[in-house]
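The primary structure of each chain is shown beneath.
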Amino acid sequence: MSENLLEVKNLKEYFPINTGFLRTTPLKAVDDVSFTIGRGETLGLVGESGCGKSTVGRTILHLYKPTAGQVIFDGKLVGPDTIKEYRRRAQIVFQDPYSSLNPRLTVADIVGEPLDVNKLYKSKKERSERILELLGTVGISSEQMTRYAHEFSGGQRQRIGIARALASRPEFIVCDEPVSALDVSIQAQVINMFEDLQRQFGLSYLFIAHDLSVVKHISNRIAVMYLGHIVEIAEANELYHHAVHPYTISLLSAVPVPDPERARASQRIVLEGDVPSPLHMPSGCPFRTRCSRATDKCAESCPQLAEVAPGHMAACHNL
Amino acid sequence: MAMLEVRDLHTSFFTPAGEVKAVNGVSFNLDSGKVLGIVGESGSGKSVTAYSVLQILTHPGRIVSGSIKFNGQELVDAGESVMRTIRGNKISIIFQDPMTSLNPVYTIGNQLTEAILLHTDRNKEQAKQRAVEMLELVGINEPEKRLRQYPYELSGGMRQRVMIAMALACEPDILIADEPTTALDVTIQAQILELMQDLQKKLGMAIIMITHDLGVIASLCDEVIVMYAGSVCERGTADAIFYHPAHEYTKGLMRSIPSIDDDERERLVPITGTPIDLLNMPAGCPFAPRCDNAMKVCLTGRAKEVRVGRDHLSACWMNVKEGSERGVIRTDEEGQITAIDLEGNMDVTAEGGSAQ
Ligand SMILES: Nc1ncnc2c1ncn2[C@@H]1O[C@H](COP(=O)(O)OP(=O)(O)OP(=O)(O)O)[C@@H](O)[C@H]1O
Ligand SMILES: Nc1ncnc2c1ncn2[C@@H]1O[C@H](COP(=O)(O)OP(=O)(O)OP(=O)(O)O)[C@@H](O)[C@H]1O
Ligand code: SF4
Ligand code: SF4
Ligand SMILES: [Mg+2]
Ligand SMILES: [Mg+2]
């Protein structure tokens, strides 16, 4: 048994985009990303909207075929022979609680679907008991289980999605913005729930979220992405207190604090310059078009991740 | 007269299982150029309140009673033809779910220019130009290319920004933003919020900001209303709500916020118990089954909104009790209010509010 449950090596995901008559340009949504997640560990993933976080999550689950790179799960390379088993043991909670739930199924059947697919029960009775248990875990009552997804509020739907992900008793879950649609109290419940499940079953998570307070709370380590690249990765408190990458620093400065006085006094670093397009990546460092520290060198070569402190890596020429 | 006046709004869904009372007597005012925040539990009726104002409720939902006045004009029962002149032009909405509100079979450009053509008097060329301009304003790179893409080709946050661009392109008097920034990272969120504030100042646009992000509420809102089970349980300035929450639900909400300064990862403190079943609303306070301080009176009736500070109202029997202990409210042995000292700093709101 290897120490790491999941190992991602040089993962790339390029989407072909129509840019004119019979012409396509690759959109480099994920460009050479590597990381590991240990058993029972949570890796947080943050970064600008559109930087490729969801694509990383989906590609490591092979919902998209990787353009290049490897995913190694529990010591085995994920490929045609291992994919079926992998699909049961690795699950995802989707970002969008609206389009990810089948509108034609009742809530009970949505949650029951993975049980059916993986034949995880012996009798009808066992199936419905398990569904009840799962819905109970996420705080949906038994009276509500015969209703359809559209009859629920955003937060309620998100919890249904979580119950479905838990159904096949996975060991690894990609949580793609699982709490951003929830109010803070239910968010607290769900986070506690994720933490309890982790303690109980040794689950590992890739936890994608925009809310840095939530990410910091739940993650052991945090990776920061920018335009398809990981630009900084460190233990959670270390990243929060000793971020070194200019992008991470601006990200941290923009966190809205739930305190009116501090909010009024806060000094956001508003990033200048255009958000570059993944269709036209700048040469060298992807952040250089908006970086206040950029130098000539930054246009010449793309900085590689290098250790700045034990377990703390950053990709920047001018640290 | 406020630009928007909502009074005692009741909206229900008439489902086969019974009447789901999603909105239960909500009242509020909104003046031009102001930002009203709505927070509250998931499922508490925030979106349904917004849909009621625009009358875009889906079957089997409908407004049961109440009044919604826009610049003095009654909108409830005003009819489709009137509402069509309001929607998009005067009041526009950024939907919580960008995927279902963008049509998957049309390109972004198509949908954006259509909306602009429909709601402004621009011609086709100008509309397209405006579309590009708006995409740029919400921070979308290479807008000309993006206009040719379909919704599924964009990331969650980009779709949300397209929705924002669409809502703002028509320069509405009121913007209803239903969780507009949940899918956005903090730097883009900051950029969008600044754009909204800018339009609010330049055009006198009013904003109803519905969000779970209390950080956004804290930095943006003039007034905040807190909803629970279809009713307003507390309202006041952002400072009042954050620093002196008075309703037991609001207090629980504030306790659940994870702090980014906390390095110890202390276990979060959610409100225990499950949300109320809107099919079977109790006579008393809907929060009572989850409230640590629930008293006998809480089970029999709902507390009226009482003033607990300047610009600060709360509908909780605890506040009534504290008021009577301080001698500003008198109650009978059932706990019902019999007299109020209006000179004191507590009084029952003349607005009616959520109490029944
Ligand atoms: N199916 C697809 N076809 C083409 N392009 C895509 C597809 N899915 C994603 N992309 C593009 O890949 C890039 C990364 O998208 P992704 O959804 O991974 O971003 P994200 O980091 O999750 O953003 P957000 O925080 O907004 O959800 C974006 O430029 C997006 O337009
Ligand atoms: N079509 C429908 N049929 C039956 N009930 C519905 C329907 N739409 C909404 N509801 C119910 O109305 C209540 C209010 O829903 P609403 O969407 O307004 O909640 P919300 O406060 O916006 O929640 P969230 O923060 O999760 O978005 C919910 O309990 C929901 O279950
Ligand atoms: S490499 Fe250069 S452009 Fe990139 S983050 Fe560092 S200083 Fe900025
Ligand atoms: S009215 Fe009673 S039950 Fe309701 S929140 Fe106040 S104290 Fe709790
Ligand atoms: Mg995403
Ligand atoms: Mg809602």
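Chemist: Help me out: how do you make sense of the packing of aromatic side chains in this one?
Modeler: Each aromatic ring pair is described using two quantities: the centre-to-centre distance and the angle formed by the ring planes. Residues and elements named next belong to chain A. Applying the stated criterion across every chain yields a total of 11 aromatic pairs over all chains. With a centroid separation of 6.0 Å and 90 degrees between ring planes, the pair formed by Phe 194 and Phe 207 is classed as edge-to-face. With Phe 194 in helix α6 (residues 184–201) and Phe 207 in strand β8 (residues 204–208), the pair connects residues that are 13 residues apart, well separated along the chain. The pair Phe 194 / Phe 207 is uniform in exposure class, with both members buried. Measuring from centroid to centroid gives 4.9 Å for Tyr 226 and Phe 287, while their planes differ by 80 degrees, and the two rings are edge-to-face. Taken together, the residues span a long stretch of sequence, with Tyr 226 in strand β9 (residues 221–226) and Phe 287 in the loop between α10 (260–265) and α11 (296–300) at a distance of 61 residues. Following the ring pairs from residue to residue traces out a cluster consisting of Phe 194, Tyr 205 and Phe 207.

Chemist: Any chance you could explain the interface of chain A and chain B here in plain terms?
Modeler: In many analyses, interface size is given as the accessible surface area lost on bringing the parts together. Each partner contributes residues to the interface: chain A has 68 residues there, and chain B has 64 residues. With both chains or domains summed, chain A and chain B bury close to 5300 Å², and 54% of this area falls on carbon and sulfur atoms. Across the contact surface, chain A and chain B share three salt bridges. Note that Arg 262 of chain A and Asp 261 of chain B form a salt bridge whose closest N and O atoms lie 3.3 Å from each other.

Chemist: So what exactly am I meant to see when it comes to the site of ligand 1 here?
Modeler: Around ligand 1, the surrounding shell holds 24 residues, and the nearest of these are Ser 49, Gly 50, Ser 54 and Thr 55 of chain A together with Gly 157 of chain B. Nearby residues place ligand 1 at the junction of chains A and B. At 3.2 Å, a backbone N or O of Cys 51 of chain A approaches an oxygen atom of ligand 1. Ser 54 of chain A is positioned with one of its side-chain polar atoms (N or O) 2.7 Å from an oxygen atom of ligand 1.

Chemist: Looking at this structure, how should I read α6 of chain A?
Modeler: In an α-helix, one full turn covers 3.6 residues, which means residues spaced three or four apart are oriented alike. Residues and elements named next belong to chain A. Here α6 is 18 residues long and its end C-alpha atoms lie 25 Å apart, about the 26 Å a rise of 1.5 Å per residue gives. Most of α6 sits out of view: 13 of its 18 residues are buried. Put simply, Asp 183 is the residue that caps the front of α6, since its side-chain oxygen is 2.9 Å from the backbone nitrogen of Ser 185. Following α6 by one or two positions, Gly 202 adopts a phi angle in the positive range, close to 65 degrees.

Chemist: What is the right way to read the sheet that holds strand β4 (residues 61–70) of chain B from this model?
Modeler: Whenever strands of a sheet pair, they do so through backbone hydrogen bonds, lying parallel or antiparallel. Residue and element names in this part refer to chain B. In spatial order, the strands read β2-β1-β4-β5; together these four strands make up an open sheet with antiparallel pairing. Of all strands in the sheet, those with a lone pairing partner are β2 (18–30) and β5 (73–74), marking the two edges. Sheet topology note: the β4/β5 ladder contains two bridges and is antiparallel. Its bridge partner being in β5, Phe 70 is matched across the sheet by Gln 73. Contacts between helix α1 (residues 46–54) and the sheet are confined to β1 (4–15), β2 and β4, with β1 contributing the most and set at about 110 degrees to the helix.

Chemist: I keep staring at empty space enclosed by the protein and nothing clicks. Help me out?
Modeler: Left-over empty space is what a probe sized like a water molecule reveals as it rolls over the atoms. Throughout the structure, instances matching the rule amount to 14 cavities of 30 Å³ or more. Taken as a whole, the largest cavity holds about 360 Å³ of empty space. Taken together, 27 residues line the largest cavity, and the ones lying closest to its centre are Gln 187 and Asp 211 of chain A together with His 212, Asp 213 and Leu 214 of chain B. Those elements giving two or more residues to the lining of the largest cavity turn out to be α6 and α7 (212–218) of chain A together with α8 (186–203) and α9 (214–220) of chain B.

Chemist: So what exactly am I meant to see when it comes to the pairing of strand β10 (residues 231–237) of chain B here?
Modeler: As a general feature of sheets, a regular strand has side chains that alternate between the two faces. All names here are of chain B. Among the seven residues of β10, six are classified as buried, and the element is accordingly described as predominantly covered. The pairing of strand β9 (residues 223–228) with β10 spans six bridges and is classified as antiparallel. The partner of Val 224 across the bridge, within β10, is Gly 236. Joining the antiparallel neighbours β9 and β10 is a turn of two residues, in which Ala 229 adopts a positive phi near 50 degrees. By the bridge criterion, three bridges tie β10 to strand β12 (residues 312–314) in an arrangement that is antiparallel. By the bridge assignment, Glu 234 is partnered in β12 with Ser 314.

Chemist: What is the right way to read the environment of Ser 49 of chain A from this model?
Modeler: If you trace the backbone, Ser 49 of chain A turns up in the loop between β3 (42–47) and α1 (53–60). Here the alpha-carbon distance between Ser 49 of chain A and Leu 227 of chain A, two residues 178 residues apart in the chain, equals 9.2 Å.

Chemist: Would you take a moment to explain the nonpolar core for this structure?
Modeler: Proteins that are soluble and globular tend to have nonpolar side chains buried together. Counting 109 residues, the largest nonpolar core has Leu 4, Ile 68, Ile 174, Ile 176, Ile 208 and Met 209 of chain B as its most contacted members. With nine residues, the single largest contributor to this core is helix α7 (residues 156–169) of chain B. Once residues within four sequence positions are removed from consideration, Ile 68 of chain B is found in contact with Leu 4, Glu 5, Val 6, Leu 9, Ser 52, Val 53, Ile 63, Gln 73, Glu 74, Leu 75 and Val 76 of chain B. Core analysis: the second largest hydrophobic core is formed by 61 residues, Leu 182, Val 190, Ile 191 and Leu 251 of chain A among them.

Chemist: Just to check I follow, could you spell out helix α3 (residues 107–117) of chain A for this structure?
Modeler: Within α3 of chain A, burial applies to Val 107, Ala 108, Ile 110, Val 111, Gly 112, Pro 114 and Leu 115 of chain A. Looking one or two residues past α3 of chain A, Lys 119 of chain A carries a phi angle of roughly 45 degrees, positive in sign.

Chemist: Which parts of the structure should I look at to understand the environment of Cys 316 of chain B?
Modeler: Residues and elements named next belong to chain B. Relative to the helices and strands, Cys 316 resides in the loop between β12 and α13 (317–325). By relative accessible area, Cys 316 is classed as buried at 9%. Here the alpha-carbon distance between Cys 316 and Tyr 249, two residues 67 residues apart in the chain, equals 9.1 Å. In contact with Cys 316, not counting residues within four places along its chain, are His 247, Glu 248, Ala 303 and Lys 304.

Cut-offs used in this document
Residues numbered from 1 in each chain as written. Chains lettered and ligands numbered in written order. Predicted model: local features only at pLDDT ≥ 70, side-chain atom pairs only at ≥ 80, totals over all residues. Heavy atoms only, no water. Phe/Tyr/Trp six-rings, centres within 6.5 Å; stacked < 30°, edge-to-face > 60°. Helix = DSSP H or I, 4+ residues; strand = E, 2+ residues; numbered from the N terminus. Buried < 20%, exposed > 50% of the residue type's maximum accessible area, 1.4 Å probe, protein only. Contact = heavy atoms within 4.5 Å. Buried area = accessible area lost by both parts, 1.4 Å probe. Salt bridge = Lys/Arg side-chain N within 4 Å of Asp/Glu carboxyl O. Near = heavy atom within 4 Å. Polar contact = N/O pair within 3.5 Å; in protein donor to acceptor, adjacent residues only side chain to side chain. Expected span 1.5 Å × (residues − 1). Pairing = 2+ DSSP bridges. Axes fitted to C-alpha atoms, helices over the stretch in contact; angles between N-to-C directions. 1 Å grid on protein atoms, 1.4 Å probe; cavity = no way out; pocket = protein on both sides within 12 Å on 5 of 7 lines; lining within 4 Å. Points joined across faces, edges and corners; volume = space filled by probe spheres on them. Core = buried A, V, L, I, M, F, W, Y, C linked by side-chain atoms within 4.5 Å.

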